[in-house]
Amino acid sequence: MRDVEFRYPGTSAPALDGVSLTISDGEVVGLAGPTGAGKTTLCMALTGLVPHSTGGTLSGSVKLGGRESRDTPLGELLSPLDADRALVAVTFQDPESQIVGMTVEEDLAFGAENLGVPREEINRRIDEALAFVRLDGFRESFPYSLSGGQKQRVAIAAAIVMRPRLLILDEPTSELDPQGRAEIFELIGRLAASGEYAVLVVEHALDDLAAAVDRLVILESGKVRFDAPPAEVLRDVDRLVEIGVRPPDASVIGIAAERAGLLPPSPIAFLDDAALLAALAR
Amino acid sequence: MTSAIVAENLWFRYPGSAPALADVSLEIPEGQFLALVGQNGSGKTTLAKHFNGLLRPERGRVEVSGTDIDGRATADLASTIGYCYQNPDHQIFAATVFEEIEFGPRNLGVTEDEVVRRTGRLLDLVRLRGEADRYPFSLGRGQRQKLAVASVLAMEPRIVIVDEPTTGLDWQGGQAMMEVMAELHRDGRTVVIITHDMNIVAEYAERVVVMANGRIVADGEPADVFVQESALREAFLRPPQAFRIARERPDLFASSLTVTQATDALRPVSVGVAAGGEA
Ligand SMILES: Nc1ncnc2c1ncn2[C@@H]1O[C@H](COP(=O)(O)OP(=O)(O)OP(=O)(O)O)[C@@H](O)[C@H]1O
Ligand SMILES: Nc1ncnc2c1ncn2[C@@H]1O[C@H](COP(=O)(O)OP(=O)(O)OP(=O)(O)O)[C@@H](O)[C@H]1O
Ligand SMILES: [Mg+2]
Ligand SMILES: [Mg+2]
């Protein structure tokens, strides 16, 4: 994305205001910011839904796998570059709105079927995806009767089954238990380590996000306020609080410990409790 | 002291599934601020829906404010006990934000003046005054969440149960929502929240009840529950970062639960150092 400005139809304030952002193959990027900052809009721009489905005016350039979004019809824009793999797959905030099947299995098969993946391969991927998200026994379940967090995990599994080059997760953990959150981030780590997926994760809270990503982007009012490695971004806890993003406890406590003379001053923030405790033990 | 809610030996099973509640007993004193936590699918929502009769137990009984609710309709209980759904869209039905909030008290036969007063006060409380005439489903998820809470509070129940009050809200929105809960608590009401956010538990709850597989596996003050490792493991829970840090270094952070307590604990050290080491 380069100098992207976007307005929804009938609105005057831009939802994206001069956004430039590059996501390379295999990179894991975290995106945070307060409500209304434009996080979901940015995700939709990366799937072509903005502006192709939403309408509105977009200026600047959005390129997906080399194709210029504005000049390419949506169907062609999202057509796979490699066999068996989607270019982009997204899970949006409300998992219930994304359920398409009568069973979890149907739900998971849907996207991959559309990509023309052979049935056996789909079955294999479904098994793997369900194991990934801790829902092994739920293949035949009716998706609507699952608990909130279980539905969220089904949505994530459905995206993984498409093996996208870019996987976008818009607040994937909002209804997950803490262990489920940790597991999703562990899963993101594994996807990243495979080198085959670029991942964009949207979150309100930085607690688990910070330690899991290569880069952290903070949006406020449609503008990119930070785009840097998390250890740099989290030095600026005061600015984050001002923007309305809660910094991880470890970053805040780390800076307080420096001020108290317990730790030497450093240009790098602590991303989690383990890192801070290790430094304090030294 | 009367109990707000007494649940005795509740059993419940959705058709064709394992028990979602397996012999759950819980007594909640009036005026308590209680957080119900546990892994996805552990039965929190199922339990909460028994408190106001949205679900009825196969076995066991529920008392609300000293009365057995067996045979009493959920609608009749609404002025005593308010329940806010996990998904606000399961609750919202009116054509405008204003009508959504006024429906409950109007239905209870509250006077017209009082209905208008309450609706106005709640619009301010959840900061939706500017959206009063909007179609609820055109609001963002966070705003719909606040609307759902407001429409329950409009009935002024003595007992308020909110299923995941801060889901879909950002940090500031979540804090504002929790301030509303804290205000109800200060006002003497019983507040039960269901949450996955251990920071919120540490900051607001007097008592935390942990569920796993349809049973209660831990129950007590947050600081006491956060050290019960086997129960936490069974429930797939992790205490807040600040607590985990303080637990490893009580010499620096004493028994801090929250980040504010942890940074405050460091302060005397720095003052002590500056003043020549008499901490
Ligand atoms: N369909 C739409 N029509 C008009 N305006 C919209 C539409 N969708 C979003 N907006 C506006 O665009 C801005 C950015 O919204 P967006 O949903 O991208 O924010 P967000 O950062 O994802 O917020 P949240 O954390 O609440 O999900 C907001 O001001 C919002 O009101
Ligand atoms: N309507 C339903 N029909 C069948 N089974 C259900 C239904 N609602 C919930 N369940 C099952 O009952 C169990 C308990 O679900 P419940 O919704 O109470 O969990 P929860 O603790 O609130 O979870 P979450 O944190 O995900 O909201 C789960 O195994 C769930 O799949
Ligand atoms: Mg969003
Ligand atoms: Mg629930």
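Sequence order sets the numbering: in each chain, residues are counted from 1 along the sequence as written. For naming, the first written chain is A and the first written ligand is 1, with later ones following in the order written. A pLDDT threshold of at least 70 governs which residues receive local features in this predicted model, and a stricter bar of 80 or more applies before side-chain atom pairs are shown or counted, although totals over entire chains, interfaces and linings include all residues. To obtain the side-chain values, all non-hydrogen atoms of the structure were included, while hydrogens and water were left out.

The next thing to look at is the site of ligand 2. In the region of ligand 2, 18 residues are neighbours, and S147(A), G41(B), K44(B), T45(B) and T46(B) sit closest. Definition of nearness: a residue and a molecule or strand are near each other if at least one heavy atom of the residue lies within 4 Å of the molecule or strand. More than one chain reaches ligand 2: the nearby residues come from chains A and B. Interatomic distance of 3.0 Å between a side-chain N/O atom of N40(B) and an oxygen atom of ligand 2. Throughout this description, a polar contact denotes any pair of N or O atoms lying within 3.5 Å of each other; where both atoms belong to protein, one of them has to be capable of donating a hydrogen while the other can accept it, and for residues adjacent in sequence the pair is counted only when both atoms sit in side chains. Within the backbone of G41(B), a nitrogen or oxygen atom sits 2.8 Å from an oxygen atom of ligand 2. Only the protein chains shown count as cover for residues, and all accessible areas are computed by the Shrake-Rupley method using a 1.4 Å probe. For ligand 2, whose unbound accessible area comes to 640 Å², protein coverage reaches 80%. In this count, Pro and Cys sit with the nonpolar residues alongside Ala, Val, Leu, Ile, Met, Phe, Trp and Tyr, while Asp, Glu, Lys and Arg are called charged and the others, Gly among them, polar. Residues that form the shell around ligand 2 fall into these classes: 2 nonpolar, 14 polar and 2 charged.

This part covers the coordination of the magnesium ion (ligand 4). Each metal's donors are the N, O and S atoms within 2.8 Å of it, or within 3.2 Å when it is Na, K or Ca, and because water is not part of the set, sites may look incomplete. Coordination of the magnesium ion (ligand 4) by the protein is provided by T45(B) (OG1) and Q86(B) (OE1), with metal-donor distances spanning 2.0 to 2.2 Å. Of this pair, T45(B) sits in helix α1 (residues 44–51) while Q86(B) sits in the loop between β6 (81–84) and α3 (97–107), placing them 41 residues apart in sequence. We count a stretch as a helix when DSSP gives it H or I for four or more residues in a row; a strand needs E for two or more, and each element gets its number in order from the N terminus.

What follows is about the pattern of salt bridges. Residue and element names in this part refer to chain A. By definition, a salt bridge exists where a carboxyl oxygen of Asp or Glu is found within 4 Å of a side-chain nitrogen of Lys or Arg. Taken as a whole and assessed by the stated rule, the structure comprises 41 salt bridges over all chains. The closest approach of N and O atoms between R124 and E121, which form a salt bridge, is 2.9 Å. Here the residue R124 and the residue E121 both occupy positions in helix α5 (residues 119–132), the gap between them amounting to 3 residues, near one helical turn. On the basis of relative accessible area, R124 is assigned to the partly exposed category, the value being 44%. The residue D249 makes a salt bridge to R246 at a minimum N-O spacing of 2.9 Å. No difference in accessibility class separates D249 from R246, as the two residues are buried. For every residue, the accessible area (1.4 Å probe, protein chains only) is compared with the maximum for its type, and the residue is labelled buried under 20%, exposed over 50%, or partly exposed between those bounds.

Bringing the packing of aromatic side chains into the picture now. Centre distance and the angle of the planes are the two values used to describe a pair of aromatic rings. Only Phe, Tyr and Trp rings take part, Trp by its six-membered ring, and two of them pair if their centres are within 6.5 Å. Stacked means planes under 30 degrees apart, edge-to-face means over 60, and tilted covers everything else. This model, assessed by the stated rule, comprises 8 aromatic pairs over all chains. Taken together, a centroid distance of 5.6 Å and an interplanar angle of 50° make the contact between F142(A) and Y144(A) tilted. Owing to a relative accessible area of 39%, F142(A) belongs among the partly exposed residues under this scheme. The partly exposed category is assigned to Y144(A), whose relative accessible area is 37%. The criterion is that NZ of a Lys, or CZ of an Arg, lies within 6 Å of the ring centre and within 35 degrees of the ring normal, and then a charge sits over that ring. The aromatic ring of F236(B) is capped on one face by R134(A), whose charged end is 4.4 Å from the ring centroid.

A few words now on the sheet that holds strand β8 (residues 190–194) of chain B. Within a sheet, each strand pairs with its neighbour through backbone hydrogen bonds, oriented either parallel or antiparallel. Residue and element names in this part refer to chain B. Here we have 6 strands laid out as an open sheet, ordered β6-β7-β8-β3-β9-β10, and mixed in their pairing. In the strand order of this sheet, the two ends are held by β6 and β10 (215–220), each with one partner. When the angles between neighbouring strand axes are averaged without regard to direction, this sheet yields 15°. Across 5 bridges, the pairing between strand β9 (residues 207–212) and β10 is antiparallel. Bridging from a neighbouring strand, A212 pairs with R215 of β10. Contacts from helix α5 (residues 141–153) reach β6 and β7 (159–163), with the element oriented near 170° to β6. The criterion for strand pairing is that DSSP finds at least two bridges linking the strands in question. Axis definition: a line fitted to C-alpha atoms, limited for helices to the stretch in contact. Angles are taken between N-to-C directions and run from 0 to 180 degrees. Any two residues having at least one pair of non-hydrogen atoms within 4.5 Å are treated as being in contact.

All right, on to the sheet that holds strand β4 (residues 59–64) of chain B then. Residues and elements named next belong to chain B. If you trace the 4 strands from one edge of the open sheet to the other, you get β2-β1-β4-β5, paired in antiparallel fashion. The open sheet is flanked by β2 (19–29) and β5 (67–68), the only strands paired with a single partner. Direction of pairing for strand β1 (residues 3–13) relative to β4: antiparallel, over a ladder of 5 bridges. By the bridge assignment, E8 is partnered in β4 with R61. α1 contacts β1, β2 and β4 of the sheet and is inclined by roughly 55° relative to β2.

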